[in-house]
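A closer look at the structure
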Amino acid sequence: MVRVAIKIVGAQGQGVNSVGEMCAKGLKRSGFCVFGYREYMSLIKGGHSSYQLDVSAEDVRSSTTRVDIVVTFNHHGLEKNLRDIKKGGILLHQTPQWKFKNPEDQAFIAEQKIRVIELPTDAILKKLKAKPILGNVLITAVVWSLLSQPEEQLRALVREQFGHKKDLLDLNFACIAEGFAACKVIAPGITLSLPKPDSKWQDQLLLTGSQAMGLGIIHAGCRVYVGYPMTPSSPILTFIADMQNETGMAVKQAEDEITAAQMMVGAMHMGTRAITATSGGGFDLMTETLSLTGITETPAVFILAQRPGPGTALPTWTAQGDLTLAVGAGHGEYTRLVMAASDTQDSFDLLPEAFNFAEEFQIPVIVLTDKHLGEALFTQPAFDQTIAKLKRGRLVTDLRELAQLKPADRYDPAAGDGVSKRWLPGSEAATFCAQGDEHGPDGSVTEDAENARQQMEKRLKKMAALKAALPEPLYVGPKNPETLIVSWGSNRGVIFDVLESAEMKKKNIGYLHYQYLWPLKTESFEMLSRTAKRTVFIECNHGGQLASLLKLACGRDVTQKILKFDGRPFFFEELREKLLSALTPNPSLDRRGA
Amino acid sequence: MHDFASVHPCTWCDGCGDYGIWSAAKRALVELKIQPWQVLLCFDVGCHGNMSDKIEAYRFHGLHGRVIPLTAGASLANPTIPVIAFGGDGASFSEGIGHLVHAVRSNYRMTFILHNNANYGLTTGQASALTPQDQKMNSSPNGIPESTLNSMDFVFSLKPTFVARGFSGDIAQMTRILMAAIRHRGFAYVDMLQACPTYNKFATHEWLMQHCYDAATEGHDPKNFEKARALAVDTQNRVATGILYQTEDVPAFHEHLKPREGVTTTPVEEVKIVDTSKWERSFA
């Protein structure tokens, strides 16, 4: 697979994102699959941020560590990102009279045959009497010219954005023309060749995991969203809030995460579909509420968008360190479901499932995502609107059935799978108490030992029924793989890219991917790992949390682990090298991860 | 009253103010012709929370300090169902005071009944933020060092739309207050001064009897915010009760939401799979 990587760097607020997004949209419309990856710091202006686009005519779902071109807004990028460039690559900058003073940099440029191009942005903008912000379009035009992409396409993109403001549009067009003209002067004969495009990408969507999850929330019939800002969950709140006038949803930015969780539970109890999203620290605050829903058997959906911990740690970076938190959070024992999205498709598809499972089993559901998935840009076919079905389980709404209900039906311990009938306040029926204290079947408080045992068993019986209802993890690969890879969440994209690479294609590797993480299905894992020569876990955390859960569940510990916990996702070449060395028979290496 | 009667006997101490509040709540619902299935009662954790199975109606007995946001969420999901939150002064002025602040600001359509006995009863008589300074309590044998929070001054500073004060010995007045509170457009704050014969030895039933008076009998106008605030805060010699302040001019939270304007259904009625394709075009 031929892939080209473009990395735009600069201070936050300089236009890194707008240039990245404009390039991504244009390239997708030209017939390329684009994967966008953002790095930024926890501040508003300044810092050093980047937007990388990996482009191919085939599926691309990961970033490379080395890129074909670095486009920098300031001189920091010249120094910081020089070594990100591949041999023969391009460094496009806008710092007048820049000279590399460091002899090592000079040597690197010479050895690697890096082509350094300076765009006289200030001079051109001055000539056009244009504001600095138009530098974004100007430099995009230069990139467009280097990529040999048609000028008109860039004009069309700009027209979409500024079409309603004639003056601004004309100025943008002038910048595009200047950019193309300048490229001929500053980079004569230099081009960056893209593979032959494929028209199948042209009409696909380009969106982030958070936007896809937002659409999934809307698709699921969720009508109330209560949130509190915390990276990387905030983009979901922003998306849902920005959409509210279209969707008619009730959106509330609460005073804290406890409020967000409580309001969600109150709204779910009343009978609508409601959700909240947060990150680790906010989720910690929600856990008492999570536990409450365990005993009141109120359906609840929490999105936990992971970033590194503990504490505030790396607020704008990624991790998969909260799996065991999701599985173990909240005091006491009760049935819960933990699922994890891995890409935009999952982010959309899993949300209706989350609500369905929450209502069918009357349990809390935790949907894991992470910064990498939430903020990366994916090329995605239009979502299939026909798959999701509304499933509300034993919710009684029929008037005749309501009339026959007894208060003791609510928490009836005789329910075979532990799931008893549920009905909504305002229904003309016998009433009950959703009871946070241990209770009898009608929600009355009782401290009776036999009742306590029965109710605990009722609530935990749901675990077996839920486990039986969950699909097995997704498996791709030969029937008896020599190597079994096990992973979850946003690693899926890079794992697929690596497995499809020339180095891996012919190897006998299977990949087991967990979407549903608790209760944990072990059948496929046990079957595949028993015959595989080696099992390799790939996770973005320090402990190998899924590996630990599977070890607990089925005692298998003949595994290797490829772990990463520096706030960055796995990059393409990085994972390929790590996996290659994991496949090399080396006993000392094999033991390392165990 | 029979419709709201529970089979479970009450477990409060003899002389507890909860009996009075419990009776008034039931009477107010009956007077308003609300059936048990037409209302949601939400309870915090504390002595008052033991009411959760001593009354019929749809009920939710949640966590300590969190009854306000729980009830607010229920109200947001279905504003056509009256929702009443019951909480104590420990839960509402210590653990969950942030929720109270923002609920008043948000003006959710709900009634909040503060069971104000100026201590933590169920955990055996510790001081709350409303216990007088220097008062000796369980776990503060030398008297509490903190200054007392003036709850009425605090609540009035938040620009409430409904403030009332009752006394657990006057069921008739509490009933009138609660009827008005349940009908109120937004957030109704109802402070019920409550006798706690076991742990509150400073504001006893007798003390409250002697000090409480109905402000309406002295011509108080509940439309006057400044006068209401002054009256509510000044408890030096006498304690004014009744509806101290009310305005119906401020829309409730859900009425303020632009996307809900003109919508005749409630979020509870709107749950269905929604086709999102028209919103996906902007991503192409």
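Residues numbered from 1 in each chain as written. Chains lettered and ligands numbered in written order. Predicted model: local features only at pLDDT ≥ 70, side-chain atom pairs only at ≥ 80, totals over all residues.

Remarks on the overall build of chain B
- Across its full length, chain B carries 10 helices and 10 strands.
- On C-alpha atoms alone, chain B measures out to a radius of gyration of 20 Å, which is about the 19 Å that the 2.2 N^0.38 rule sets for 284 residues.
- A principal-axis box enclosing the C-alpha atoms of chain B has dimensions of 70 × 45 × 40 Å.
- Here chain B holds 284 residues, and 56% of them are scored as buried.
- Pairs at least 24 residues apart make up 72% of the contacts formed inside chain B by residues separated by at least 6 positions. (Helix = DSSP H or I, 4+ residues; strand = E, 2+ residues; numbered from the N terminus. Rg over C-alpha atoms; globule rule 2.2 N^0.38 Å. Buried ≥ 20, exposed ≤ 12 C-beta atoms within 10 Å, placed from the backbone. Contact = placed C-beta atoms within 7 Å.)

Quick word on the overall build of chain A
- Along its length, chain A carries 22 helices and 21 strands.
- Its C-alpha atoms give chain A a radius of gyration of 27 Å, near enough to 25 Å, the size a compact globule of 594 residues would have.
- Taken along the three principal axes of its C-alpha coordinates, chain A extends 85 × 65 × 40 Å.
- When burial is assessed residue by residue, chain A has 55% of its 594 residues classed as buried.
- By sequence separation, contacts in chain A at least 24 residues apart represent 77% of the contacts at least 6 residues apart.

Focus on the environment of A:Ala429
- With respect to the helices, strands and loops of the structure, A:Ala429 is situated in the loop between α15 (399–404) and β15 (433–435).
- Distance from A:Ala429 to A:Ile258, taken between C-alpha atoms, is 31 Å for residues 171 residues apart in sequence.
- Ignoring sequence-local partners within four residues, the contact set of A:Ala429 consists of A:Leu402, A:Ala403, A:Leu405, A:Trp423 and B:Trp37.

Notes on the environment of B:Arg66
- Mapped onto the elements of the fold, B:Arg66 is located in the loop between β2 (58–61) and α2 (67–77).
- Separated by 31 residues in the primary sequence, B:Arg66 and B:Ile97 have C-alpha atoms spaced 9.3 Å apart.
- With sequence-adjacent residues up to four places away left out, B:Arg66 is seen in contact with A:Ile258, A:Gln262, B:Gly96 and B:His99.

Overview of the sheet that holds strand β18 (residues 509–514) of chain A
Residues and elements named next belong to chain A.
- What the 5 strands build is an open sheet, ordered β16-β18-β17-β20-β21; its pairing is mixed. Each having just a single partner strand, β16 (474–476) and β21 (559–563) make up the two edges of the open sheet. Between one strand axis and the next, the sheet turns by 20° as a mean value, whatever way the strands run.
- Judged from the 6 bridges that link them, strand β17 (residues 483–488) and β18 form a sheet pairing that is parallel. For Trp488, the partnering residue across the bridge sits in β18 and is Tyr514.
- Here helix α20 (residues 545–554) sits on the sheet and contacts β17, β18, β20 (534–539) and β21; the angle it forms with β20, its principal contact strand, is near 130°.
- Its contacts with the sheet put helix α21 (residues 572–583) on β17, β20 and β21, and the angle it makes with β21 is roughly 160°. (Pairing = 2+ DSSP bridges. Axes fitted to C-alpha atoms, helices over the stretch in contact; angles between N-to-C directions.)

Description of the pairing of β2(B)
- Burial of the side chains of β2(B) extends over both faces: B:Tyr58 and B:Phe60 are buried on one face and B:Arg59 and B:His61 on the other.
- Pairing geometry for β15(A) and β2(B), over 3 bridges, is parallel. By the bridge assignment for β2(B), A:Ala434 is matched with B:Phe60.
- Where strand β1 (residues 40–43) of chain B meets β2(B), 4 bridges bridge the pair, whose relative direction is parallel. Across the sheet, residue B:Leu41 finds its bridge partner in β2(B), namely B:Arg59.

Concerning the sheet that holds strand β11 (residues 300–306) of chain A
- Across the sheet, 7 strands lie side by side as β9-β8-β10-β11-β13-β12-β19 (chain A); this open sheet has mixed pairing. Strand pairing shows two members of the sheet lacking a second neighbour, β9 (250–253) and β19 (516–518) of chain A, which therefore form its edges. Adjacent strand axes in the sheet meet at a mean angle of 20°, parallel and antiparallel pairs treated alike.
- Across the sheet, helix α9 (residues 234–247) of chain A touches β8 (224–227), β9, β10 (274–278) and β11 of chain A, and the angle it forms with β9(A) is around 135°.
- In the packing of α2(B) onto the sheet, the strands contacted are β8, β9 and β10 of chain A, and the crossing angle to β8(A) comes to about 150°.

Topic: the interface of chain B and chain A
- With 49 residues of chain B at the interface, the matching set in chain A holds 59 residues.
- When residues of the side of chain B that touches chain A are traced back to their parent elements, those giving at least two are β2, α2, α4 (97–106) and α10 (277–280) of chain B.
- The greatest single-element share of the side of chain B that touches chain A, amounting to 8 residues, is contributed by α2(B).
- When the residues that make up the side of chain B that touches chain A are grouped by side-chain class, the tally is 25 nonpolar, 14 polar and 10 charged. (Nonpolar A, V, L, I, M, F, W, Y, C, P; charged D, E, K, R; others polar.)

What about the domain arrangement of chain A?
Residues and elements named next belong to chain A.
- Assigned domains within chain A: domain 1 (3–192), domain 2 (206–380), domain 3 (399–469) and domain 4 (474–592).
- The gap between the C-alpha centroids of domain 1 and domain 2 is 35 Å.
- With 13 residues of domain 1 at the contact, the number on the domain 2 side is 9 residues.
- Breaking the side of domain 1 that touches domain 2 down by element, the ones donating at least two residues are α1 (16–29) and β2 (33–39). (Domains from an automatic or database assignment.)

With respect to the nonpolar core
- Counting residues in hydrophobic clusters, the biggest one holds 251 residues, and the most contacted among them are A:Met264, B:Cys42, B:Phe112 and B:Val190.
- The element that contributes the greatest number of residues to this core is helix α10 (residues 257–270) of chain A, accounting for 9 residues.
- Sequence-distant contacts of A:Met264, that is, excluding residues within four places in its chain, are made with A:Val226, A:Ala274, A:Ile275, A:Thr276, A:Ala300 and B:Gly73. (Core = buried A, V, L, I, M, F, W, Y, C linked by C-beta atoms within 7 Å.)

So, helix α8 (residues 209–219) of chain A
- Here α8(A) lies mainly inside the structure; 11 of its 11 residues are buried.
- When α8(A) is considered as a whole, its buried residues turn out to be A:Gly209, A:Ser210, A:Gln211, A:Ala212, A:Met213, A:Gly214, A:Leu215, A:Gly216, A:Ile217, A:Ile218 and A:His219.

Brief notes about the environment of A:Leu53
- Relative to the helices and strands, A:Leu53 is located in strand β3 (residues 46–56).
- Ignoring sequence-local partners within four residues, the contact set of A:Leu53 consists of A:Ala5, A:Ile6, A:Gly20, A:Cys23, A:Ala24, A:Leu27, A:Val34 and A:Gly36.

Structural notes on the packing of α8(A) against helix α13 (residues 344–361) of chain A
All names here are of chain A.
- Axis separation between α8 and α13 bottoms out at 7 Å; the angle between their running directions is 25°. The orientation of α8 with respect to α13, classified from their angle, is roughly parallel. By crossing handedness, the relation of α8 to α13 is classed as right-handed. Together, Gly209, Ala212, Met213, Leu215, Gly216, Ile217 and His219 of α8 and Thr344, Ser347, Phe348, Asp349, Leu350, Leu351 and Pro352 of α13 make up the contact between the two elements.
- Class assignment of the residues belonging to the contact of α8 with α13 gives a composition of 8 nonpolar, 5 polar and 1 charged. (Parallel < 35°, antiparallel > 145°, perpendicular 65-115°, else oblique. Left-handed = near helix turned anticlockwise from the far one by under 90°.)

So, the confidence of the model for chain B
- With 100% of its residues at a pLDDT of at least 70, chain B reaches an overall mean of 97.
- Here the predicted complex scores 0.97 on pTM and 0.98 on ipTM. (pLDDT = per-residue confidence, 0-100.)

Topic: unusual backbone geometry
- A:Thr231 connects to A:Pro232 through a cis peptide bond whose omega is 0°.
- Inspection of the secondary structure assignment puts A:Pro232 in the loop between β8 and α9.
- A cis amide bond links A:Gly309 to the next residue, A:Pro310, at an omega of -5°.
- Mapped onto the secondary structure, A:Pro310 falls in the loop between β11 and α12 (323–328).
- Phi at A:Ser148 is positive, roughly 55°, even though this residue is not glycine.
- When you line up the elements, A:Ser148 lands in the loop between α5 (135–146) and α6 (151–162).
- We classify A:Ser148 as exposed; it has 10 C-beta atoms within 10 Å.
- In this structure, B:Ser139 is a non-glycine residue whose phi angle is positive, near 75°.
- Mapped onto the elements, B:Ser139 comes out in the loop between β6 (126–127) and α5 (151–156).

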